[in-house]
Amino acid sequence: MSQLSPDEITSRLQAFEQQIQQATQHYAGYPDNLNYDYSALASFFQYSIINAGDPFVQTDWSLHSKDFEREAVEWFAQLYELNPCWGYVTSGGTEGNFYGMFLGREHYPDGVLYFSEESHYSIPKAAFMMQMQFESIPSQANGEIDYRILADKLAQHADKPAIMNLNIGTTMDGAIDNIDCVCTLLEAHPQPFYLHCDAALGGMLLPFLDHAPQLSFQKYPIDSLAVSGNKFVGAPVPHGVVLSHPEASSKLSRQVDYIGCQDSTILGVRNGLGALCLWYAIQTRPLAEEARACVKRAQDLQHALQQLGIDARLNDFSNTVVFPQPHKSLCQKWQLALKDGQAHIVVMQHFDEQKIQQFLDDIKSSL
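One structure accompanies this document, and this report is about it. Remember, predicted model here, so these are calculated numbers, not experimental data. (Residues numbered from 1 in each chain as written. Predicted model: local features only at pLDDT ≥ 70, side-chain atom pairs only at ≥ 80, totals over all residues. Heavy atoms only, no water.)

In this structure, Ala 226 sits in strand β7 (residues 224–228). The class of Ala 226 is buried, set by a relative accessible area of 1%. C-alpha of Ala 226 to C-alpha of Gln 307: the two residues are 81 residues apart in sequence and 37 Å apart in space. For Ala 226, the residues in contact, after removing those within four places along its chain, are Gly 93, Gly 96, Asn 97, His 196, Cys 197, Asp 198, Ala 199, Ala 200, Val 241 and Val 242. (Helix = DSSP H or I, 4+ residues; strand = E, 2+ residues; numbered from the N terminus. Buried < 20%, exposed > 50% of the residue type's maximum accessible area, 1.4 Å probe, protein only. Contact = heavy atoms within 4.5 Å.)

If you want it as structure tokens, here you go:
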């Protein structure tokens, strides 16, 4: 790559910004919130803010935001009733899932990993990288795991511990695996088990919705839980949170003399700006109101599509509306995620009533 002139650099960046601005106008198929404002944090982008090692342990490293990271983690721990708590701000939902799978394997090296075929692709990826024995369980029509087949598979491996991934909102359908049902099956399993919750998006919806399933470390034998920060919360840099019990995470803890700190994380060195953005969002935004508004607009979108004769589906406590794949040009314009002839829209904060009407107008024109 040859070095460009200053004018060429400016032109290239302006063209890229215009491209991003245009793509933002019709971003509907993926669960990323684009409606946020971190301008109050702009001055921090001139510093190298890097969080190294365990956020709950002091370090010789000074260029960090670990105080803000701890407060953000403690907020999530309170939300999911984990006390005492441990966790850290990850690079995203995938790292959180990797951490859960890694911790499960460390507890039960000969355990069998169970996950539904609708689980996020990071789960089978983790199984492959860690060489874990696994069972991919078929799903029901709405995206929930098939509990009958799960029970059969648990019985087939009755001599081995179970490492279970539970979906709190599947990628395509926004389906929630029934926590009570899965826990009943696991507790009937003759061997011990480890339970991880992939709550990348759903974890920021359920706590704020009336009559929604309770996502609680106190009520259920949850061992770890992962949430994505750039999805519901939204941020210019990807990040997330993983939570676990302090005594469980201690199995991965190692003293690192180079940074003068213990480290229980996967990456070790992490983005301090992500932690700062997450803390700022928690402090300044009505997240509960945003969650309820997204679900309400998703219900309105489903109803409007059905009024047009389109078979639109929406799981309970979800903001993901699924419908038959429309014309290719429409999929491209609105950047819709596609699978097996189906498309979906994830109604995030930026996908407001005006955007919904624009999409419905396009649908009507294509029929």
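A few words on the sheet that holds strand β15 (residues 342–346). Neighbouring strands of a sheet are bound in pairs by backbone hydrogen bonds; such pairs are parallel or else antiparallel. Judged by pairing direction, the sheet is antiparallel, and its four strands sit side by side in the order β12-β13-β15-β14 without closing on themselves. The open sheet has two edge strands with one neighbour each: β12 (313–314) and β14 (337–339). Inspection of the sheet shows β14 paired to β15 by three bridges, in the antiparallel sense. Paired with Ala 337 across the bridge in β15 is His 344. (Pairing = 2+ DSSP bridges.)

With that settled, the discussion passes to the pairing of strand β5 (residues 162–167). In terms of residue burial, β5 counts as a mostly covered element, since six of its six residues are buried. Side-chain alternation along β5 places Ala 162, Met 164 and Leu 166 on one buried face and Ile 163, Asn 165 and Asn 167 on a second face that is also buried. In the sheet, strand β3 (residues 112–116) pairs with β5 via three bridges, with the strands oriented parallel. Bridged to Tyr 114 within β5 is Met 164.

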